[in-house]
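# Reading the structure
Here is how the chains run, residue by residue.
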Amino acid sequence: MEGSRATPHPEVPGEPKKTTTALREKATAAIQEFGPINKIHQHLCAFHFYAHDMTRQLEVHHFCGHQNQNEEMRQCLIYDSPESDARLIGIEYIVSEELFLTLPDEEKPMRHSHEFEVKGGYLFMPGVPGPIQRKDLEKVCKTYGKTIHFWQVDRGDNLPLGIPQVMMAFTRDGQLYDHLAQDVEKHYGVNFMEERKNRAYMEGLEYGMHPLANAAGKGLRTVLRETDCKPPLESVPRVFV
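Here's a quick rundown of the structure. (Residues numbered from 1 in each chain as written. Predicted model: local features only at pLDDT ≥ 70, side-chain atom pairs only at ≥ 80, totals over all residues. Heavy atoms only, no water.)

### What to know about the overall build of the protein chain
- Across its full length, the protein chain carries seven helices and seven strands.
- Each helix (α) and strand (β) of the protein chain, taken in turn from the N terminus, gives the series α-α-β-β-β-β-α-β-α-α-β-β-α-α.
- With the principal axes as the frame, the protein chain shows a C-alpha extent of 70 × 50 × 35 Å.
- Counting all 241 residues of the protein chain, 40% fall into the buried class.
- Long-range pairs, those at least 24 residues apart, make up 68% of the contacts in the protein chain with a sequence separation of at least 6.
- Put simply, the protein chain shows about 14800 Å² of open surface, and 55% of that area lies on carbon and sulfur atoms. (Helix = DSSP H or I, 4+ residues; strand = E, 2+ residues; numbered from the N terminus. Buried < 20%, exposed > 50% of the residue type's maximum accessible area, 1.4 Å probe, protein only. Contact = heavy atoms within 4.5 Å. Areas by Shrake-Rupley, 256 points an atom, 1.4 Å probe, with all protein chains shown as cover.)

Spelled out as structure tokens, the structure:
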């Protein structure tokens, strides 16, 4: 059966972390600042599928923050679970409909809409009361995301292997596997159909789903192509005075 919310963690090759390494980490954590990470303000749980293969579906956890206090763009780290041993598997850039419409046409197919997964109840904030998360999801409902996964954990890879792949989100009923949705509902104590009713009031994209978004209804797959490597510009002699 394809799709899983509990992809087993294969053992990553390498020796266990040493006590001396842990002590150094504590020391650097106490001294250094982590500005970009500290900007993360929310945890979103949702589902992705590979843009070239909808049979490969997985539960994903976004840890997001607005980029430089910009209301129209968020940037997210994507993990395969919310646990402390989670694997960092990808990133997502979320932009408003207004910013999406400014993008060149060749860029738009790599972006997926969020309207269905928000209004359908499938995108949620674990542990956050419904009325609070809905206020923010009203905005997410009107956005597009660009997602790249680097670690294909659904294959059981014990390290990030292969070429990073574009991911998509679901746009209509009948695409997400029932067993995957039910597993997530049970684990987090949520009810997608009940939440769908609670979100019925939400307004979607002002201009409707763009025909070029969501891979323009086709499949997308990144490939590696050998090409000439452009050499650096000829260096300019330095003049010393």
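### Some thoughts on the pairing of strand 4 (residues 88-96)
- Pairing of strand 3 (residues 73-79) with strand 4 involves seven bridges; the strand directions are antiparallel. Within strand 4, the position partnered with R74 by the bridge is I94.
- In terms of strand pairing, strand 4 meets strand 6 (residues 143-149) through seven bridges, oriented antiparallel. Paired with I94 across the strands is G145, a residue of strand 6. (Pairing = 2+ DSSP bridges.)

### Here's the deal with the side chain of H43
- Inspection of the secondary structure assignment puts H43 in strand 1 (residues 42-50).
- In terms of polar contacts, H43 uses its side chain to reach the side chain of H61, at 2.8 Å.
- In this structure, H43 is in contact with H61, H62, F63, P82, F124, M125 and P126, ignoring residues within four places of it in sequence. (Polar contact = N/O pair within 3.5 Å; in protein donor to acceptor, adjacent residues only side chain to side chain.)

### Topic: the pattern of salt bridges
- Applying the stated criterion to the full structure yields 14 salt bridges.
- In this structure, R111 and E107 form a salt bridge, with 2.9 Å as the shortest nitrogen-oxygen distance. Side by side, R111 and E107 carry an identical accessibility label, which is buried.
- Of the charged contacts in the structure, one is a salt bridge between R196 and D173, with a shortest N-O distance of 2.8 Å. With R196 in helix 7 (residues 192-198) and D173 in the loop between strand 7 (165-168) and helix 6 (178-188), this residue pair connects regions lying 23 residues apart in the sequence.
- Several salt bridges converge on common partners, so that one network encompasses E107, R111 and K146. (Salt bridge = Lys/Arg side-chain N within 4 Å of Asp/Glu carboxyl O.)

### Some remarks on empty space enclosed by the protein
- In total, this model carries two cavities of 30 Å³ or more according to the counting rule given.
- In this structure, the largest cavity occupies an estimated 60 Å³ of space.
- Around the largest cavity, the lining residues are L44, A46, H48, H62, E92, I94, H112, H114, E117, L123 and V140.
- Secondary-structure elements contributing two or more residues to the lining of the largest cavity are strand 1 and strand 4.
- Considering each element in turn, the lining of the largest cavity owes the most residues, three residues, to strand 1. (1 Å grid on protein atoms, 1.4 Å probe; cavity = no way out; pocket = protein on both sides within 12 Å on 5 of 7 lines; lining within 4 Å. Points joined across faces, edges and corners; volume = space filled by probe spheres on them.)

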